Structure formats: structure tokens, C-alpha cells
Amino acid sequence: MITALSDVLIIGAGPVGLFSIFTCGMQKLHCQVVDALEMIGGQCTALYPEKPIYDIPAYPKITAAHLIEQLHQQIQPFKPIFHLGQQVQELTRHGSYWQAVTSKNVKIQAKTVIIAAGVGAFGPNRPPLPDITSYEGKSVFYHVQQPQQFLGATIAIAGGGDSALDWTINLSPIAKKIYLIHRRSKFRAAPASLEQLDDLVRKGKVELVVPYQLQKLQGAGGQLQSVFVEDMDGNTRHLPAQILLAFFGLSSQLGPIADWGLSLHQHHIQVNPQNCSTNQQGIYAVGDIAAYPGKLKLILSGFSEAASAAHAIRQYLHPDEAVHFEYSTTSGVQPLS
Ligand SMILES: Cc1cc2nc3c(=O)[nH]c(=O)nc-3n(C[C@H](O)[C@H](O)[C@H](O)COP(=O)(O)OP(=O)(O)OC[C@H]3O[C@@H](n4cnc5c(N)ncnc54)[C@H](O)[C@@H]3O)c2cc1C
């Protein structure tokens, strides 16, 4: 699939990528946005949604999840097009525009690019099992989008933290049975979740498989039939599960960004602090990934960089236009069609 040509492609839908949609929208620039995660919000959503942030101007205290909700609401007039759950793997210049190719083979064309990739693309920590990729998306999952798809299934859930426990509890009313696999006997989760888990174990809805870890998968055509687990002494058990949900956290990697001809220093993109431009014409970088002398890795610094980049992009795309600085109180918010 090839998308229509946009003014700006934003790589990364973290807080700074989201605010870049706003600053570009105020400059009447249409944006498409890609993120490796299935959800928007970057580190705020993936790493600390319930934590309060105290240094967002005008919010004495706001949870990371609420900040992302507010940013999402603020960008609605500008109708951004999101491409979630896919990593930008290639970025190449084609005459007057850039073309990004994602891991889902979507080709996105844009006149300019803002890289707001934070600490790199987030992805799940995969358990090191042979052939696991052939089951992914069919019977092995690292996050749950539609719980109802697991109605009546026997599910193996692996992991010892909040996600593993939360989904064990949430899926127990609709699953036939849940095996909860953890390499230790103790779980790292909220006391209330541990109480609910004890209750489900007593009722026979959940069976604890501890201390065990995943050993191998068995099935055909991407459909799991059994999960094998092993304890520290090499004793194995066979669990007749059709679904495996593995919750071993997220990891991030700069990945393909390193191959796009950008000037990098210690995994960060060097930018001109005046306008966040990089050494590649038409590519800008903002937020945690952007580096310049005196850089503070804070959300509010990223917001300011997003404003600078959007103004610079307006001038780059419309060089004959008189530079016209306007407050939002004067311009208002003009929705894009
Ligand atoms: C526990 C914790 C607490 C924090 N508390 C504060 C605080 O109190 N105040 C504060 O200001 N900051 C805080 N921070 C830091 C703040 O979260 C970051 O500065 C902020 O998230 C950076 O935003 P970003 O949009 O630049 O990048 P990120 O939030 O990292 O988002 C980048 C996004 O880009 C995506 N991406 C990367 N590469 C690709 C690719 N090739 N293709 C597709 N997608 C890609 C990633 O999947 C990710 O979703 C905290 C961080 C942590 C971990």
C-alpha cells in the first residue's frame, strides 16, 4: 500500500510526536504518524501510565496516561493519519519527497520528516523459543487487544508482573482455564491482584505453574496445541493450551534509524538547536532522540522543539511566503480538512 503524499511524516507517537502533530497543524501542515507500538503515547503509555508527572506546565500533577489523552484530544482538529503497530524500517529520498517503508510494507510519502523516536522503537521481549514467530498474531500474543477472541480457550500466560496478573484476572471469566507460568514462586504485583489470584486458584479457574519457564511450543499452521515448560531441575510439563500470552516487558532499539545517513552521537540524532534540522535536508528530530549542547531530556523541552521544527518546516516548504509569526490567541485553531 502507498499512501497519499503528506506534508510531514512523524516517526514516533510519544508525547513529543503527538505534540508535533499539533504544532504542524497550527502551520496548516498535514501529518501521518507511525509507531512500532499498537498504542500512542511512547514511554508515557508503555512504561509508566499511572505515574504522576509534576513538571508539565499548568498541570501541578498529571498521570502520564492522562497527559497522552489530553494531547490526543488537542490534535483532533488536524486529522492525523496513524499507522500503529509498525516500525519504520527504511527511509529514502525520492526526488522532492521522502519515502518510509514500514514493517507492514506500507509506503508513506511525505515532503518532510520529523523523527520523534525517543529511545527507539518499542517491541516486546520475546521468549527465546524456536519457531515462536510462526505463532505470533495467531496463537501467541504479547498484548491483548480483543479479549473476546479468547472466549472458551485454554490459555497459558507467562510472566510474573502486573501485566501477567492483570490479564489472568481479566480473562478468567471468559477463558476455559488459565495456566499462569512464572519462573519464581512469588509474583511482583499489587496486593489486591495477588488476593484476586489466590481466589481464582482456589476456585480452579487458574492453575499456577511455578517455578517453571517456557521450554518449547507445539502446534501446526500457527495454531498452538501445547506449551511445554521446564523447572530448574529439567523436569518438564505439558500444558494443553491453545493460546500463549507472554508478558516479559518491552525493550527498545534504535534499529534502522542508524542506517538513514543521519549524523548520530551515542545513539542520538544531532540537530541544529535553532530549528531541530538534521544533516539530511527535510528531516528534523525532536524529543528524547534529538541531541544538541545543553539538551534536557524532558517532555517540555520536546514540546518546544516540536514548535521550532514546525515553524522551520513551514518555511522550508513555502520559502517565498513572508515569515508570519502568530500567537494561537490570534490565529485560533483552524481545523484541517
Ligand atoms: C519512569 C519514567 C518517568 C519519567 N518521568 C518524567 C517526568 O516526570 N517528566 C518528564 O519531562 N519526563 C519524564 N520521563 C521522560 C519522558 O517520558 C520522555 O522524555 C518522553 O517520553 C520523550 O518523548 P518522545 O516522544 O521523544 O519519545 P518516546 O516517549 O520514547 O516515544 C517514541 C516513540 O517512537 C517509537 N519509535 C521509535 N522508533 C521507531 C521506528 N523506527 N518506527 C516506528 N516507531 C518508532 C517508539 O515505539 C515510541 O513509541 C520519564 C521517563 C520514564 C521512563
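What you see is a predicted model; the values in this text were computed from it and never measured.

Undergrad: How would you summarise the pattern of salt bridges if you had to cite specific residues and measurements?
TA: Per the counting criterion, the structure on display carries eight salt bridges. We note a salt bridge from Arg126 to Glu136, for which the minimum N-O separation is 2.5 Å. Of this pair, Arg126 sits in the loop between strand 9 (121-124) and helix 4 (132-135) while Glu136 sits in the loop between helix 4 and strand 10 (140-141), and the two are ten residues apart along the sequence. Owing to a relative accessible area of 45%, Arg126 belongs among the partly exposed residues under this scheme. A network of salt bridges, in which partner residues are shared, links Lys177, Glu207 and Arg237.

Undergrad: Let's hear about the domain arrangement of the protein chain: which residues, and what values?
TA: The domain architecture assigned to the protein chain consists of domain 1 (6-123 + 251-331) and domain 2 (126-248). Distance between the C-alpha centres of domain 1 and domain 2: 36 Å.

Undergrad: So what's going on with the packing of aromatic side chains? Which residues, and what values?
TA: Going through the model one piece at a time under the given rule, you end up with five aromatic pairs. Following the ring pairs from residue to residue traces out a cluster consisting of Phe19, Phe22, Phe78 and Phe303. Across from the ring centre of Phe228, 4.8 Å away, lies the NZ or CZ of Lys216, which sits over that ring.

Undergrad: I'd like to hear about helix 5 (residues 162-171), residue by residue, with values.
TA: Within the span of helix 5, buried status applies to Ala164, Leu165, Thr168, Ile169 and Leu171. Against the buried residues of helix 5 lie strand 11 (154-158), strand 12 (177-181), helix 6 (191-202), strand 13 (206-209) and strand 17 (243-246).

Undergrad: If you had to explain unusual backbone geometry to someone new, which residues and values would you point to?
TA: Of note, the bond from Val210 into Pro211 is cis; its omega dihedral lies within 30 degrees of zero at -15°. Position of Pro211 relative to the elements: it lies in the loop between strand 13 and strand 14 (213-220). With a phi angle near 60°, Lys28 is a residue other than glycine that sits in the positive phi range. Here Lys28 lies in the loop between helix 1 (15-26) and strand 2 (31-35). Non-glycine residue Ala58 carries a positive phi angle of around 75°. With respect to the helices and strands, the residue Ala58 is situated in the loop between strand 3 (52-53) and strand 4 (62-63).

Undergrad: Pulling in residues and values, what's your account of the pairing of strand 12?
TA: In terms of burial, strand 12 is largely enclosed, as four of its five residues are buried. As judged from the five bridges shared by strand 11 and strand 12, these two strands associate in the parallel manner. For Ala158, the partnering residue across the bridge sits in strand 12 and is Ile181. Crossover connection from strand 11 via helix 5 to parallel strand 12: handedness right-handed. Direction of pairing for strand 12 relative to strand 13: parallel, over a ladder of four bridges. What sits directly across from Ile181, in strand 13, is Val209. This β-α-β element, strand 12 to helix 6 to strand 13, shows right-handed connectivity.

Undergrad: Summarise the sheet that holds strand 11; cite the residues concerned and give the values.
TA: Pairing within the open sheet is parallel, and its five strands lie in the order 10-17-11-12-13. At either end of the open sheet lies a strand with only one pairing partner, and these are strand 10 and strand 13. Sitting on the sheet, helix 5 touches strand 11, strand 12, strand 13 and strand 17, and the angle it makes with strand 11 is about 165°.

Undergrad: Mind laying out the packing of helix 5 against helix 6, listing which residues take part and the relevant values?
TA: Direction vectors running N to C along helix 5 and helix 6 enclose 45°, while the axes themselves pass 10 Å from each other. Of the possible angle classes, the one that applies to helix 5 and helix 6 is oblique. Helix 5 and helix 6 meet at a crossing whose hand is left-handed. For the pair helix 5 and helix 6, the contacting residues are Leu165, Asp166, Thr168 and Ile169 in the first and Ser193, Leu194, Gln196, Leu197 and Leu200 in the second. When its residues are assigned to classes, the contact of helix 5 with helix 6 shows five nonpolar, three polar and one charged.

Undergrad: Before we move on, could you go through the site of the ligand and cite the residues and values that matter?
TA: As a matter of local geometry, the ligand sits amid 32 residues, with Asp35, Tyr48, Val88, Asp288 and Ile299 nearest to it. At 3.5 Å from an oxygen atom of the ligand is found a main-chain nitrogen or oxygen belonging to Pro15. Burial of the ligand by the protein chains amounts to 87% of its free accessible area of 1,000 Å². Counting residues per element, the ones that place at least two in the shell around the ligand are helix 1, strand 2, helix 2 (42-47) and strand 9. Looking at the shell around the ligand residue by residue, the class counts come to 18 nonpolar, ten polar and four charged.

Rules used throughout
- Residues numbered from 1 in each chain as written.
- Predicted model: local features only at pLDDT ≥ 70, side-chain atom pairs only at ≥ 80, totals over all residues.
- Heavy atoms only, no water.
- Salt bridge = Lys/Arg side-chain N within 4 Å of Asp/Glu carboxyl O.
- Helix = DSSP H or I, 4+ residues; strand = E, 2+ residues; numbered from the N terminus.
- Buried < 20%, exposed > 50% of the residue type's maximum accessible area, 1.4 Å probe, protein only.
- Domains from an automatic or database assignment.
- Phe/Tyr/Trp six-rings, centres within 6.5 Å; stacked < 30°, edge-to-face > 60°.
- Lys NZ or Arg CZ within 6 Å of the ring centre and 35° of its normal.
- Contact = heavy atoms within 4.5 Å.
- Pairing = 2+ DSSP bridges.
- Right-handed = clockwise from strand over helix to strand, strands pointing away.
- Axes fitted to C-alpha atoms, helices over the stretch in contact; angles between N-to-C directions.
- Parallel < 35°, antiparallel > 145°, perpendicular 65-115°, else oblique.
- Left-handed = near helix turned anticlockwise from the far one by under 90°.
- Nonpolar A, V, L, I, M, F, W, Y, C, P; charged D, E, K, R; others polar.
- Near = heavy atom within 4 Å.
- Polar contact = N/O pair within 3.5 Å; in protein donor to acceptor, adjacent residues only side chain to side chain.
- Areas by Shrake-Rupley, 256 points an atom, 1.4 Å probe, with all protein chains shown as cover.

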